[in-house]
Amino acid sequence: MASRTAPAANPGWTDPDCPVARTLDLVGDRWSLLVVRDAMDGARSFTEFQRRTGIARNILADRLRKLTAHGLLVQRAAPSGRRQEYVLTDTGRDLFPVILTLRQWGERHAFAPGEAHSVLVDQHGTPVPEVAPTSAAGTPLDSDTTHVQKTR
């Protein structure tokens, strides 16, 4: 079961009442999501994250600290016992649909037609189907068929 621990009240929230804004405050920078992406793909050590992303050491150290402080990653002893490794928590794994949706958007809009790019496949090697939100009745949802309702 995923952790549902809410971040402490933060006077620096961009928009305290908006879940999208709070999420972006936590993981909305380029490097944080790339670290989460690589953790999902098996990266565990500082060196692996740096090699995969090309991120500067000081920025990587900051992002790993932030992701750990907000409960998306935990540090534990590596199997060798000689160093620490970073592992996704349930909270971090909950970002999988976000990473998947960003990937699929990028496949549609960030590459020229026919331009080579990586493809996410399932355990059988089959490309992951397009994610499309639907209503409880199964009808497609988009920005024209939804609206924000305040809970206060």
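All of these numbers come straight from a predicted model, not from anything done at the bench.

Visitor: Hey, could you go over the overall build of the protein chain for me, with residue numbers and the actual values?
Guide: Per the secondary structure count, the protein chain includes 6 helices and 2 strands. If you take every contact in the protein chain between residues at least 6 apart in sequence, the share linking residues at least 24 apart comes to 36%. Roughly 10800 Å² of accessible area belongs to the protein chain as shown, and the carbon and sulfur atoms make up 56% of that amount.

Visitor: Pulling in residues and values, what's your account of helix H2 (residues 30-40)?
Guide: Within H2 the residues assigned to the buried category are Trp31, Ser32, Leu33, Val35, Val36, Asp38 and Ala39. Between a side-chain oxygen at the N-terminus of H2 and the backbone nitrogen of tryptophan 31 the separation is 3.1 Å; the capping residue is aspartate 29. The positive-phi residue at the C-terminal boundary of H2 is glycine 42, with phi of around 105°.

Visitor: Please set out the packing of H2 against helix H3 (residues 46-53) residue by residue, giving values where relevant.
Guide: Running from amino to carboxyl end, H2 crosses H3 at an angle of 115°, the nearest separation of the two axes being 10 Å. Considering their axes alone, H2 and H3 lie roughly perpendicular with respect to each other. Between H2 and H3 the crossing geometry is right-handed. Contacts between H2 and H3 involve Trp31, Leu34, Val35, Arg37, Asp38 and Ala39 from the former and Phe49, Arg52 and Thr53 from the latter. Of the residues belonging to the contact of H2 with H3, the class tally is 5 nonpolar, 1 polar and 3 charged.

Visitor: Lay out the packing of H2 against helix H6 (residues 96-109) with the relevant residues and their values.
Guide: Two elements in contact, H2 and H6, have axes separated by 11 Å at closest approach and are oriented at 105°. Between H2 and H6, the angle is such that the two are roughly perpendicular. Packed against H2, whose contacting residues are Leu33, Arg37 and Met40, the element H6 presents Phe96, Ile99 and Leu102 at the interface. Classifying every residue of the contact of H2 with H6 by side-chain character gives 5 nonpolar, no polar and 1 charged.

Cut-off values and rules
- Residues numbered from 1 in each chain as written.
- Predicted model: local features only at pLDDT ≥ 70, side-chain atom pairs only at ≥ 80, totals over all residues.
- Heavy atoms only, no water.
- Helix = DSSP H or I, 4+ residues; strand = E, 2+ residues; numbered from the N terminus.
- Contact = heavy atoms within 4.5 Å.
- Areas by Shrake-Rupley, 256 points an atom, 1.4 Å probe, with all protein chains shown as cover.
- Buried < 20%, exposed > 50% of the residue type's maximum accessible area, 1.4 Å probe, protein only.
- Polar contact = N/O pair within 3.5 Å; in protein donor to acceptor, adjacent residues only side chain to side chain.
- Axes fitted to C-alpha atoms, helices over the stretch in contact; angles between N-to-C directions.
- Parallel < 35°, antiparallel > 145°, perpendicular 65-115°, else oblique.
- Left-handed = near helix turned anticlockwise from the far one by under 90°.
- Nonpolar A, V, L, I, M, F, W, Y, C, P; charged D, E, K, R; others polar.

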